[in-house]
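Given next are the chains, with one letter for each unit.
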Amino acid sequence: MLLVRRVRLRSNTLSRHRQTLPRPAISPPSLPPLRSFFGMGDLVNAALNPAQTLSQLTEARRELEKVRAEMAEEKERQRLPPVRTFVRAPGYFERKVEEDRIKRVLEGQATFTVLFGASSTGKTSMLRQILTSPRYLVLPIDFRIAGFADAPSLYFALSQLFESFFLQLGKELDGYLDEAESLSLGIKHARLDVERRLTGEGLPDEAKQIGARDLSRLFELVQNALLRYWNWEPAKENVEVNKALDEDEDPAGPDQKLMEPAERVPTGQRVPKKIPVILFDEAHRFPVLISESPELMKTVLDAFVVLTKQERLAHIIQATSDSFYMDTLIQHNVAQHCTFCHLTDPTKSLAHRYLETALLPSVPAHLHAHLRDEFDAIYEVIGGKLVHWEEFVKEWVEEGTPVTSSAHPTQAFILLSNHLFPPHPLPSPPPNTLPLLRALLSAHADQEGLAFYPARRAFGAEAVDGLLRARVAEVRWGSILGEGDLEILGKEPELFPMTPVMAWSIRMVLETLDLACSLRCNYEARDFGEGTLSDARNFQGREDLSRRILQLDNDRKRLELNRNDRRRPTADGLQSCLPTSGASLAIVRL
């Protein structure tokens, strides 16, 4: 009995252990793998249309190569050093009074400033001297080398310039790079949308043109970017933790949040912001470049008014040497929103200081006395234009050329003679041109200008505009920048010779014409038995000479009505009676 019980107890124990042991999983019978027919349709189409398949592969390869080329160009562009052409002019001679006037304009509210001035007066050099200061961030656009000539190229050029402008702003202002990159991306993607529209298919031709709407959208983005720039204030680098939190708690724990950087830098510790300035040099070329789309000019000028007078976001400066640019501003109804300044030649004292400090150190010492003694005579011919002084001194030292035969007086004389006696088949100047030149020279001798609008009424708009178009004269609008001329407001525009050397050329040409006319009338009167007229050199005073010349000219016209045969003196005969000068061209024309 005892043996039977032990056997039963062992069997029960084994059965309980078997129940607790994990049973091996029974794997289902293995099935053969299922076959998928996904993509078989594409293979069949490729086999049935091999030409289409090859074209698709070629296009895909071309797109891949294009992406690779763009990536390579982008890497190369990042390796290129930045090129900055807007730098201070070498050898710049300080003009403190004029510079202070421009600085006062820039330190005030944003304005639309137009700076007039004759060629080579130093407009660009002075603006570069001022605007290269770290106080300003400048977007320079020189229309002499403009990168556009029609509406599409204008839009893309301005878009790329504004994009790089804000990227540069982010690099030069600490903590503003991320914000500047987002603003630049907005301008870039707007440009990409326009590119897709221009190259898209299935669109009408009107939709593939750049219009005023696209430029308005671009300047709207620029306005928004400048507004965000002025509203941006950098937060403190070390954000303080909320003092209400328990000091034992970890402020960076999972249940706690850092305070938002609501506290800004105090006023005395603000990061100094740069003043945005958009500079357009030789602005009078702008309407010519987009002459096919005049509405774009109106759109751009209106945008300038919005950025300056309306929103006060950026300074806009336009420099020009063309007096007719005022007509462009008046026609587009923006002249009343502009501030006009006029840069004249340096004064006599500044020219003398320039000679002593900048030119004489490079001149041999034995020639210094001659230049100092002849300073007044040289100034009477070329005035105070510093570049003319530099080139004349170099020419005189190297070749011994006198001032009246140097390059600039010769060029001015040729320019004036070509206007008075144009080559065939160009039309002759208006009949009142010579009287206008006499009045202009008489006013200049008294160091005054000729009132612009009365001159137009008296001599005709055609004669006045002809001198302006030929760059013989200029109109001085607005206030004058100069040592001797402080701000002149409320003064009507005046007409002046373009440069002092042009005034000298006017005097030389008029004196030559007066003498030649007197000799011609003397010859004709003697030939027809009217008696001998006195020579022009016997008249005393310019006014008596002018009146006598007009009388002789009237007598000559009266005699021409009754004569049948007229003999003229040869050019050689006239030249033998005249003093030696460079006026042979005018004599031959007579």
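Refer to the structure presented above.
All values reported here derive from a predicted model rather than from experimental measurement. (Residues numbered from 1 in each chain as written. Predicted model: local features only at pLDDT ≥ 70, side-chain atom pairs only at ≥ 80, totals over all residues. Heavy atoms only, no water.)

A. Molecular detail of the overall build of the chain. Each helix and strand counted, the chain has 23 helices and nine strands in total. Residue burial in the chain is summarised as follows: out of 590 residues, 39% are buried. As displayed, the chain has an accessible area near 35,700 Å², and 53% of this comes from carbon and sulfur atoms. (Helix = DSSP H or I, 4+ residues; strand = E, 2+ residues; numbered from the N terminus. Buried < 20%, exposed > 50% of the residue type's maximum accessible area, 1.4 Å probe, protein only. Areas by Shrake-Rupley, 256 points an atom, 1.4 Å probe, with all protein chains shown as cover.)

B. Spotlight on the pairing of strand S4 (residues 315-320). With six of six residues buried, S4 is to be regarded as a mostly interior element. Here S4 shows two buried faces, one formed by His 315, Ile 317 and Ala 319 and the other by Ile 316, Gln 318 and Thr 320. Note that strand S3 (residues 275-281) and S4 share five bridges and pair parallel. Looking at the pairing, Asp 281 lines up with Ala 319 of S4. (Pairing = 2+ DSSP bridges.)

C. Just the pattern of salt bridges, in detail. Applying the stated criterion across every chain, the model contains 19 salt bridges. The partner of Asp 514 in a salt bridge is Arg 438, and the shortest N-O contact between them spans 2.6 Å. With Asp 514 in helix H20 (residues 500-527) and Arg 438 in helix H17 (residues 433-445), this residue pair connects regions lying 76 residues apart in the sequence. Note on Asp 514: relative accessible area 4%, which makes it buried. Its salt-bridge partner being Arg 456, residue Asp 465 comes within 2.7 Å of it at the nearest N-O pair. The class for Arg 456 is partly exposed, based on a relative accessible area of 23%. If you follow the salt bridges from partner to partner, you end up with Asp 142, Arg 144, Asp 281 and Glu 282 in one network. (Salt bridge = Lys/Arg side-chain N within 4 Å of Asp/Glu carboxyl O.)

D. Quick look at the packing of aromatic side chains. The full count for this structure, using the stated rule, is 17 aromatic pairs. Between Phe 93 and Tyr 354, the aromatic rings sit 5.1 Å apart at their centres with planes inclined by 80 degrees, giving edge-to-face as the arrangement. Separated by 261 residues along the polypeptide, Phe 93 in the loop between helix H3 (50-79) and helix H4 (96-107) and Tyr 354 in helix H12 (residues 348-359) bring together distant segments of the chain. Of the two residues, Phe 93 and Tyr 354, both sit in the buried class. Look at Phe 162 and Phe 219: their rings are 5.8 Å apart centre to centre, the planes differ by 75 degrees, and that puts the pair in the edge-to-face class. Of the two residues, Phe 162 sits in helix H6 (residues 151-172) while Phe 219 sits in helix H8 (residues 212-231), which places them 57 residues apart along the sequence. Phe 162 gets classed as buried once you look at its relative accessible area, which sits at 4%. Here the aromatic cluster, defined as three or more aromatic residues joined through ring pairs, consists of Phe 112, Phe 143, Phe 162, Phe 219, Phe 280, Phe 286 and Phe 304. One residue, Lys 273, lies across the ring of Tyr 229, its end atom 5.6 Å from the ring centre. We note Arg 476 situated over the ring of Phe 496; from NZ or CZ to the ring centre the distance is 3.9 Å. (Phe/Tyr/Trp six-rings, centres within 6.5 Å; stacked < 30°, edge-to-face > 60°. Lys NZ or Arg CZ within 6 Å of the ring centre and 35° of its normal.)

E. Representation of the nonpolar core. Ranked by internal contacts, the top residues of the largest apolar core, which has 88 residues, are Phe 162, Phe 166, Leu 215, Phe 219, Leu 329, Leu 495 and Ile 506. At ten residues, H6 tops the list of elements feeding residues into this core. Ignoring any residue separated from it by four or fewer positions in sequence, one finds Leu 495 in contact with Leu 436, Leu 440, Gly 449, Leu 450, Phe 452, Val 464, Leu 468, Ala 473, Glu 474 and Val 475. One finds Ala 351, Leu 371, Leu 386 and Trp 504 within the second-largest nonpolar core, a separate group that totals 21 residues. (Core = buried A, V, L, I, M, F, W, Y, C linked by side-chain atoms within 4.5 Å. Contact = heavy atoms within 4.5 Å.)

F. Structural context of the packing of H4 against helix H5 (residues 123-131). Relative to each other, H4 and H5 sit at 55 degrees, their axes nearing to 10 Å. As the angle between them shows, H4 and H5 are arranged oblique. Two packed elements cross with a definite hand, and for H4 against H5 that hand is right-handed. Across the interface between the two elements, Glu 98, Glu 99, Ile 102, Lys 103 and Leu 106 from H4 touch Met 126, Leu 127, Gln 129, Ile 130 and Leu 131 from H5. (Axes fitted to C-alpha atoms, helices over the stretch in contact; angles between N-to-C directions. Parallel < 35°, antiparallel > 145°, perpendicular 65-115°, else oblique. Left-handed = near helix turned anticlockwise from the far one by under 90°.)

G. A look at unusual backbone geometry. Note that the residue after His 424, namely Pro 425, is joined by a cis bond; omega there is 10 degrees. Phi at Arg 471 is positive, roughly 60 degrees, even though this residue is not glycine. In this structure, Arg 471 sits in the loop between helix H19 (461-469) and strand S7 (473-476).

H. Highlighting a negative patch on the surface. A grouping of Glu 59, Glu 63, Glu 70 and Glu 73 is seen on the molecular surface, where their side chains present a negatively charged patch. Summarising the element assignment, Glu 70 is placed in helix H3. Look at Glu 70 and you get partly exposed, because its relative accessible area is 44%. (Patch = residues over 30% accessible without salt bridge, like charges linked within 9 Å, V, L, I, M, F, W, Y side chains within 5 Å. Lys, Arg positive; Asp, Glu negative; His and termini not counted. Charge placed at Lys NZ, Arg CZ, Asp CG, Glu CD.)

I. Quick look at the sheet that holds strand S2 (residues 136-142). If you trace the six strands from one edge of the open sheet to the other, you get S2-S3-S4-S1-S5-S8, paired in parallel fashion. Strand pairing shows two members of the sheet lacking a second neighbour, S2 and strand S8 (479-481), which therefore form its edges. The mean inter-strand angle of the sheet, taken between neighbouring strand axes irrespective of direction, is 25 degrees. Relative to S8, strand S5 (residues 338-343) is paired through three bridges, and the arrangement is parallel. Across the sheet, residue Cys 341 finds its bridge partner in S8, namely Ser 479.

J. Spatial organisation of helix H18 (residues 452-459). Listed in full, the buried residues belonging to H18 are Phe 452, Ala 455 and Phe 459. Taken down its axis, H18 places every buried residue within 60 degrees of arc, on the same side. Residues of H18 that are buried sit in contact with H17, strand S6 (450-451), H19, S7 and strand S9 (494-497). Directly beyond the C-terminal end of H18, a positive phi value near 95 degrees is found at Gly 460. (Arc of directions from axis to C-beta.)

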